[in-house]
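Chains, contacts and geometry: an overview
Residue-level listing of the chains:
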Amino acid sequence: MSSAVSVITDRVRERIRSERLDLRRDPDAAERLVREELRSYAERSLAGSLPRIADEAHAFGQVLAGITGYGPLQPYFDDPTVEEIWINRPDAVFIARAGVSERADVRLTDEQVRTLVERMLQATGRRVDLSSPFVDASLPDGSRLHVVIPDVTRSHWAVNVRKFSQRIRSLSRLVELGSLTPQAAEFLRMAVLAGCNILVSGATQSGKTTMLGALLAGARSSERIVTVEETFELDLHAPDCVAMQCRTPNLEGLGEISLRRLIKEALRMRPDRLVVGEVREAESLDLLIALNSGLPGACSLHANSARDALVKLSTLPLLAGRNIDSAFVVPTVASAIDLVVHCELTPGGQRRVAEIVAPTGRVEGSGIEADTLFQRAGDRLVPTGLHPARVEKFVSAGLDVRIVTEAA
């Protein structure tokens, strides 16, 4: 930050404190103060007491970003091509475009990093300190913030912001981007309309949340959808939708609300479809029980392949307690999950569907039998010619799924 911008920014902050202004209630006050202080500075610079500002419009934007935005990082928040921003240390800031990372031309101080994090957390009700050195939060624009502080990190605050500014809200948009073929998209659209239970798997940044949102966009408008997440990431525009997120403990260690609790509460809210943003631990058991009771649902899961996702979903519920064993879990997964949509991020930065797999409902030894319906052949997602072994849900919805799973 230039000396002139720094001086004006400090003066505006001082006035905000002295005049006891609440910028959340009076957002126009920030612009007014910045203009007044910028004008005052310009007048003093003409008298020769201060260095002149070459570009007042640029300076105005920098000061305003420092007061109401995210300071030197604001241009990256405003840039729609930037997907992610992270800080390893104040002089090591990185961004990602189209899945490819690059070092940003930004150098911060430790104090600036702390100030930025505090500003990001202001509206979330969450905190980060020595007693709680991690924090996950949703920013007002829908981006997800994750922060880790020392002594968990070596010496500096580690900050990661995953942006969700470029919302992909439909399967047809994924077809346009080359993530899906029209045939596969039509099959998935039918699966959603039929009320299939869908597991979306993939590695970090492979597009799982985007795929989950695009799938749910195809649900019937009459459906009541209830979503539960650790932090808000899904952005559904369904007419009847309730979104819930977890809550961290307060300073006394009380008030925590877990995903397991949210799933149980969601079942009391008359859902037509239950969606869990991501399953990582014992909440997978509560989800499976809900899906196995006839309630349509969907979730995402980190995994290396569609079949690995089924194995992992068969293992995670064992974390719920000693009285849970694989003899119960594996058949439940086999009968509850209708489809696995596996996403991948290519070396070139493209997010696409790698395969679509349908469990048959049968168990082979300790594993789940599943058929691959669509798989990658070069750059195209092609049907294998196999049809889902279980078509009852499609038939009940009046849909002939065999039409869209035929090999070309």
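The text that follows walks through the structure, step by step, so that each part is easy to find.

Analysis parameters
Residues numbered from 1 in each chain as written. Predicted model: local features only at pLDDT ≥ 70, side-chain atom pairs only at ≥ 80, totals over all residues. Heavy atoms only, no water. Helix = DSSP H or I, 4+ residues; strand = E, 2+ residues; numbered from the N terminus. Buried < 20%, exposed > 50% of the residue type's maximum accessible area, 1.4 Å probe, protein only. Contact = heavy atoms within 4.5 Å. Areas by Shrake-Rupley, 256 points an atom, 1.4 Å probe, with all protein chains shown as cover. Lys, Arg positive; Asp, Glu negative; His and termini not counted. Charge placed at Lys NZ, Arg CZ, Asp CG, Glu CD. Pairing = 2+ DSSP bridges. Axes fitted to C-alpha atoms, helices over the stretch in contact; angles between N-to-C directions. Core = buried A, V, L, I, M, F, W, Y, C linked by side-chain atoms within 4.5 Å. Parallel < 35°, antiparallel > 145°, perpendicular 65-115°, else oblique. Left-handed = near helix turned anticlockwise from the far one by under 90°. Nonpolar A, V, L, I, M, F, W, Y, C, P; charged D, E, K, R; others polar. Expected span 1.5 Å × (residues − 1). Arc of directions from axis to C-beta. Polar contact = N/O pair within 3.5 Å; in protein donor to acceptor, adjacent residues only side chain to side chain. Salt bridge = Lys/Arg side-chain N within 4 Å of Asp/Glu carboxyl O. Phe/Tyr/Trp six-rings, centres within 6.5 Å; stacked < 30°, edge-to-face > 60°. Lys NZ or Arg CZ within 6 Å of the ring centre and 35° of its normal.

Quick look at the overall build of the chain
Along the chain, the regular secondary structure elements total 14 helices and 15 strands. Taken along its principal axes, the extent of the C-alpha atoms in the chain is 85 × 50 × 40 Å. By the burial criterion, 49% of the 408 residues in the chain qualify as buried. The contacts in the chain between residues at least 6 apart in sequence include a share of 53% that link residues at least 24 apart. With the model as given, the accessible surface of the chain reaches about 20000 Å², and the carbon-plus-sulfur share is 49%. Charge separation in the chain, taken as the distance between the mean sites of 50 positive and 54 negative side-chain charges, equals 1 Å.

Digging into the sheet that holds strand E11 (residues 297-302)
What holds strands together in a sheet is hydrogen bonding between their backbones, with the strands either parallel or antiparallel. Strand order in this open sheet of nine strands is E9-E8-E10-E11-E7-E12-E13-E14-E15, and the pairing throughout is mixed. Of all strands in the sheet, those bounded by a partner on one side alone are strand E9 (241-245) and strand E15 (380-383). Across the sheet, the axes of successive neighbouring strands diverge by a mean angle of 25°, strand direction being ignored. Running over the sheet, helix H9 (residues 259-266) touches strand E8 (225-229), E9 and strand E10 (273-276) and is turned about 170° from E8. Sitting on the sheet, helix H11 (residues 306-315) is in contact with strand E7 (198-202), E11, strand E12 (339-345), strand E13 (351-364) and strand E14 (367-377), with an inclination near 150° to E14.

Examining the nonpolar core
In this structure, Leu180, Phe187 and Met211 are the most contacted members of the largest nonpolar core, which totals 39 residues. Elements with a minimum of two residues in this core: helix H6 (171-176), helix H7 (182-193), E7, helix H8 (208-216), E12, E13 and E14. By residue number, the principal contributor to this core is H7, which donates eight residues. Residues Ala290, Leu301, Val340 and Ala370 belong to the second largest nonpolar core, which totals 37 residues.

So, the packing of helix H10 (residues 283-291) against helix H12 (residues 326-336)
The interhelical angle for the contact between H10 and H12, taken along N-to-C directions, is 50°, at an axis separation of 10 Å. Taken together, the axis directions place H10 and H12 in an arrangement best described as oblique. Helix-helix and strand crossings are classified by hand; for H10 and H12 the assignment is left-handed. Listed contacts from H12 to Leu285, Leu288 and Leu291 of H10 are Phe328, Val329, Thr332, Val333 and Ala336. Of the residues assigned to the contact of H10 with H12, the class counts are seven nonpolar, one polar and no charged.

Thoughts on helix H1 (residues 3-18)
Taking 1.5 Å of rise per residue, the 16 residues of H1 would be expected to cover 22 Å, and the 22 Å separating its terminal C-alpha atoms lies within 8% of that figure. What H1 keeps buried is the set Ala4, Val5, Ile8, Thr9, Val12, Arg15 and Ile16. Taken around the axis of H1, the buried residues stretch over an arc of 125°, which confines them to a single face. When the buried face of H1 is taken as reference, the exposed residues oriented beyond 90 degrees from it are Ser3, Arg17 and Ser18. Contacts from the buried residues of H1 go to helix H2 (28-46) and helix H3 (56-67). A positive phi of about 55° marks Arg20, the residue just after H1.

A word on the side chain of Glu223
Here Glu223 shows up in the loop between H8 and E8. Of the polar contacts made by the side chain of Glu223, one reaches the side chain of Arg273; its length is 2.8 Å. When neighbours within four sequence positions are excluded, Glu223 is seen to be in contact with Asp240, Asp272 and Arg273.

Details of the pattern of salt bridges
Pairs can form between side chains of opposite charge once their charged atoms are near each other. This structure, assessed with the given rule, holds 31 salt bridges. The residue Glu84 makes a salt bridge to Arg162 at a minimum N-O spacing of 4.0 Å. With Glu84 in strand E1 (residues 82-89) and Arg162 in strand E6 (residues 158-162), this residue pair connects regions lying 78 residues apart in the sequence. By relative accessible area, which is 7% here, Glu84 ends up buried. Here Glu265 and Arg268 are joined by a salt bridge, their closest N and O atoms 3.0 Å apart. On the basis of relative accessibility, which here comes to 62%, the residue Arg268 falls in the exposed class.

Thoughts on the packing of aromatic side chains
The description of an aromatic ring pair rests on the distance of the ring centres and on the angle between the ring planes. Evaluated as defined, the whole model comprises four aromatic pairs. Centroid distance Tyr70 to Phe77: 4.5 Å. Interplanar angle 45°. Geometry classified as tilted. Accessibility assignment for this pair places Tyr70 and Phe77 in one class, buried. Judged by centre distance (5.7 Å) and plane angle (40°), the ring pair of Phe187 and Phe374 falls under tilted. Placement of the pair is Phe187 in helix H7 and Phe374 in strand E14, with a sequence separation of 187 residues. The exposure classification of Phe187 matches that of Phe374, with both residues buried. Through successive ring pairs, a cluster of aromatic residues spans Phe187, Phe374 and Phe394. Arg35 extends its terminal NZ or CZ atom over the ring of Phe60, reaching a point 4.3 Å from the ring centre.

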